[in-house]
Amino acid sequence: MNVQLIVGTVITVAIVVAPAWLSYRIYKRIGRRCTEKKDKYQDTKEFCGCNLRRVHKILLPEDERISFLSQNGRWRCWIRRSIKLTFTICPVHGVKCVKIDFDILSVFHALWTNWFRKEQYTMQEKKLIDAFWTKVKQLHASGGHKTLDGQTTDTPPISLSSIVESVFEELSDVMGGE
Ligand SMILES: [Zn+2]
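Please read all numbers here as calculations on a predicted model, not as lab measurements.

## Digging into a nonpolar patch on the surface
Then, number 1: Among the surface-exposed residues, Val 3, Val 7, Ile 11, Val 13, Ile 15, Val 16, Val 17, Trp 21, Leu 22 and Ile 26 lie close enough to one another that they form a single nonpolar patch of about 970 Å² accessible area.
Then, number 2: As for its placement among the helices and strands, Val 7 is situated in helix α1 (residues 3–31).
Then, number 3: A residue is classified by how much of its surface remains accessible, and Val 7, at 43% relative accessible area, is partly exposed.

Structure (structure tokens):
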């Protein structure tokens, strides 16, 4: 047994793993705390600070299959018509939709989720749906949807507003209408 080799390996692993572990801990401490004002009716600078639970959802149009074969029988690595939603749940402030992501989804990720986190494909909880529509309305009001990249969908290059519109149509289908 080469002691030096073992010691070297242990030190290398420690150097690689320790910062990753540390940043994960810091992320958990800071990144997952609620930043809402503690009391929204008073002018306070104190933050809620409750631990946030994160919930992820993936929405696919009804005719989309989670498969390496696309509808027209071609091999693919990506599902283009996907919408990823991220929610945070604070025990005090409730459910908030923090991210609507129109990026393409890798088929690997889609399959992995289908095997181990199947609940991510269904969104029946009323609180989540309400939080989602609140976020959509905020985006519309602030013009935030204009920053969405039209290139990431496989819709022909038509106006961005119609892309957004069709996406929301599909969404309401997936979620049982609004
Ligand atoms: Zn809170």
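## Quick look at the side chain of Asp 101
Then, number 1: Considering the arrangement of structural elements, one finds Asp 101 in strand β4 (residues 94–101).
Then, number 2: Although buried, Asp 101 forms no salt bridge, and the nearest oppositely charged side chain, Lys 99, lies 4.0 Å from it.
Then, number 3: A distance of 2.8 Å separates the side chain of Asp 101 from the backbone nitrogen of Asp 103, its partner in a polar contact.
Then, number 4: Apart from residues lying up to four places away in sequence, Asp 101 is in contact with Ser 82, Ile 83 and Lys 84.

## Here's the deal with the coordination of the zinc ion
Reference values for coordination geometry: four tetrahedral donors around a metal ideally subtend 109.5 degrees, six octahedral donors ideally subtend 90 or 180 degrees.
Then, number 1: Every protein donor of the zinc ion is accounted for by Cys 34 (SG), Cys 48 (SG), Cys 90 (SG) and His 93 (ND1), and the metal-donor separations fall at 2.0 to 2.4 Å.
Then, number 2: Around the zinc ion, the four donor atoms sit at angles spanning 105 to 115°, and that spread fits a shape best called tetrahedral.
Then, number 3: Written as a sequence motif, the donor residues of the zinc ion are C-x13-C-x41-C-x2-H. Here the residue Cys 48 occupies a position in the loop between α1 and β1 (53–59), and Cys 90 occupies one in strand β3 (residues 83–90), the gap between them amounting to 42 residues. Both residues of the pair, Cys 48 and Cys 90, belong to the buried class.

## So, the sheet that holds β1
Then, number 1: Pairing is antiparallel in the open sheet, where three strands are placed in the order β1-β3-β4. Strands at the two margins of the open sheet, each flanked by one partner only, are β1 and β4. Going from strand to strand, the sheet's axes swing by 25° on average, the running direction of each strand aside.
Then, number 2: Looking at chain direction, β3 and β4 are connected through seven bridges and run antiparallel. The residue of β4 that forms the bridge with Thr 86 is Lys 99.
Then, number 3: Where helix α3 (residues 126–142) meets the sheet, its contacts fall on β1, β3 and β4, and the angle it forms with β4 comes to roughly 55°.

The rules behind the values
- Residues numbered from 1 in each chain as written.
- Predicted model: local features only at pLDDT ≥ 70, side-chain atom pairs only at ≥ 80, totals over all residues.
- Heavy atoms only, no water.
- Patch = residues over 30% accessible without salt bridge, like charges linked within 9 Å, V, L, I, M, F, W, Y side chains within 5 Å.
- Areas by Shrake-Rupley, 256 points an atom, 1.4 Å probe, with all protein chains shown as cover.
- Salt bridge = Lys/Arg side-chain N within 4 Å of Asp/Glu carboxyl O.
- Helix = DSSP H or I, 4+ residues; strand = E, 2+ residues; numbered from the N terminus.
- Buried < 20%, exposed > 50% of the residue type's maximum accessible area, 1.4 Å probe, protein only.
- Lys, Arg positive; Asp, Glu negative; His and termini not counted.
- Polar contact = N/O pair within 3.5 Å; in protein donor to acceptor, adjacent residues only side chain to side chain.
- Contact = heavy atoms within 4.5 Å.
- Donors = N, O, S within 2.8 Å, 3.2 Å for Na, K, Ca; no water.
- Tetrahedral: all angles 85-135°; square planar, octahedral: opposite > 155°, others 65-115°.
- Pairing = 2+ DSSP bridges.
- Axes fitted to C-alpha atoms, helices over the stretch in contact; angles between N-to-C directions.

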